[in-house]
Amino acid sequence: MKTMRIAVYPGSFDPVTNGHIDVIERALRLFDRIIVAVGDNPGKKPLFTTKERIAMLEESTKHLKNIEIDSFSGLLLDFVKSKKSGIIIRGLRAVSDFEFEFQRALMNRVVNDEIETVFIMTKEHYVYLNSSIVKEIAMFNGNVNGLVPPIVEKKLKEKFSKT
Ligand code: ADP
């Protein structure tokens, strides 16, 4: 029997953007199952709670099969092992991502040489897209249509109309 190739795609997803969805769709062409892992990092001050980020990811990926949305706190490598996976997916946008991602991937390899990081390049259209820019635009009532899934657009509007 062929073993399932399971890959973990970790991130803050605060909130999920169309760039993230593009990476997930591409990763599904390479692996049998993708586990999207929302990082519960106490050092970061997210706009959305972990629960909200998971709910938005679930809604935005319901057209996809073989995907699971989960959250983790603590060491990513431990989470990856607990899911019986040996692969971490990260997205690459511009060269600016490279230094940070390179450092992180190599450090993870020092800690556990059996876990491999795989980088996926996004569609050109999303190269400059990130969650921070989306939040900034939404905060000032700008149009984020086409940059994020419809559910995220709605949740951003709700969030900023309250403040
Ligand atoms: P983190 O805080 O871990 O960087 P993010 O949610 O910002 O979490 O990003 C998760 C992953 O998705 C990272 O590997 C990041 O480089 C990648 N990513 C984010 N936005 C894009 C995008 N527009 N295109 C491709 N990859 C992206």
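Residues numbered from 1 in each chain as written. Predicted model: local features only at pLDDT ≥ 70, side-chain atom pairs only at ≥ 80, totals over all residues. Heavy atoms only, no water.

Taken together, 18 residues lie around the ligand, and Tyr9, Ser12, Phe13, Lys44 and Gly91 are the ones closest in. With respect to the ligand, the backbone of Phe13 contributes an N or O atom lying 2.9 Å from an oxygen atom. Contact distances for the ligand include 3.1 Å between an oxygen atom and a side-chain N or O atom of Arg90. Against a free-state accessible area of 550 Å², the protein chains account for coverage of 90% of the ligand. (Near = heavy atom within 4 Å. Polar contact = N/O pair within 3.5 Å; in protein donor to acceptor, adjacent residues only side chain to side chain. Areas by Shrake-Rupley, 256 points an atom, 1.4 Å probe, with all protein chains shown as cover.)

With that out of the way, let us pick up the environment of Ser60. Inspection of the secondary structure puts Ser60 in helix H2 (residues 50-60). Separated by 39 residues in the primary sequence, Ser60 and Ile21 have C-alpha atoms spaced 7.8 Å apart. Contacts of Ser60, omitting those with residues within four sequence positions, involve Val16, Ile21, Pro149 and Ile151. (Helix = DSSP H or I, 4+ residues; strand = E, 2+ residues; numbered from the N terminus. Contact = heavy atoms within 4.5 Å.)

Turning our attention to the sheet that holds strand S1 (residues 6-11). Read across the sheet, five strands follow the order S3-S2-S1-S4-S5 without closing on themselves; strand pairing throughout is parallel. Because the sheet does not close on itself, it has two edges, and the strands there are strand S3 (67-72) and strand S5 (116-121). Adjacent strand axes in the sheet meet at a mean angle of 30 degrees when their direction is disregarded. Pairing of strand S2 (residues 33-39) with S3 involves six bridges; the strand directions are parallel. (Pairing = 2+ DSSP bridges. Axes fitted to C-alpha atoms, helices over the stretch in contact; angles between N-to-C directions.)

Ranked by internal contacts, the top residues of the largest apolar core, which has 33 residues, are Ile24, Ile34, Val36, Leu57, Ile89 and Leu156. At five residues, the largest contribution of residues to this core is made by helix H1 (residues 18-30). Within the second largest apolar cluster, 11 residues are counted, among which are Ile6, Ile35, Ala37 and Phe79. (Core = buried A, V, L, I, M, F, W, Y, C linked by side-chain atoms within 4.5 Å. Buried < 20%, exposed > 50% of the residue type's maximum accessible area, 1.4 Å probe, protein only.)

Here the focus is the side chain of Ser131. Position of Ser131 among the secondary structure elements: in helix H5 (residues 131-139). Within the local environment of Ser131, its side chain forms a polar contact with the backbone oxygen of Pro15, the two atoms lying 2.9 Å apart. In this structure Ser131 touches Asp14, Pro15, Thr17 and His20, once residues within four positions along its chain are discounted.

The subject of this paragraph is helix H4 (residues 95-111). In this model H4 runs 25 Å from its N-terminal to its C-terminal C-alpha over 17 residues, within 8% of the 24 Å that 1.5 Å per residue would give. A maximum bend of about 25 degrees is found in H4 at Glu101. (Expected span 1.5 Å × (residues − 1). Bend = angle between axes of the 7 residues up to and from the residue.)

Let us now look at the layout of surface pockets. Here the largest pocket defines a volume of roughly 1,200 Å³. Taken together, 44 residues form the lining of the largest pocket, with Gly11, Ser12, Lys44, Arg90 and Arg104 sitting closest to its centre. Secondary-structure elements contributing two or more residues to the lining of the largest pocket are S1, H1, helix H3 (76-82), strand S4 (87-92), H4 and H5. Considering every element that reaches the lining of the largest pocket, the biggest residue donor is H4, with seven residues. Its residues assigned to classes, the lining of the largest pocket comprises 17 nonpolar, 16 polar and 11 charged. Looking at the second largest pocket, its volume works out to about 160 Å³. Looking at the second largest pocket, the residues that line it are Ala138, Asn141, Gly142, Asn143, Val144, Glu153, Leu156, Lys157, Phe160 and Ser161. Tallying contributions element by element places helix H6 (residues 150-162) first for the lining of the second largest pocket, with five residues. Split into classes, the residues belonging to the lining of the second largest pocket amount to four nonpolar, four polar and two charged. (1 Å grid on protein atoms, 1.4 Å probe; cavity = no way out; pocket = protein on both sides within 12 Å on 5 of 7 lines; lining within 4 Å. Points joined across faces, edges and corners; volume = space filled by probe spheres on them. Nonpolar A, V, L, I, M, F, W, Y, C, P; charged D, E, K, R; others polar.)

These results come straight from atomic positions and should not be treated as a statement about function.
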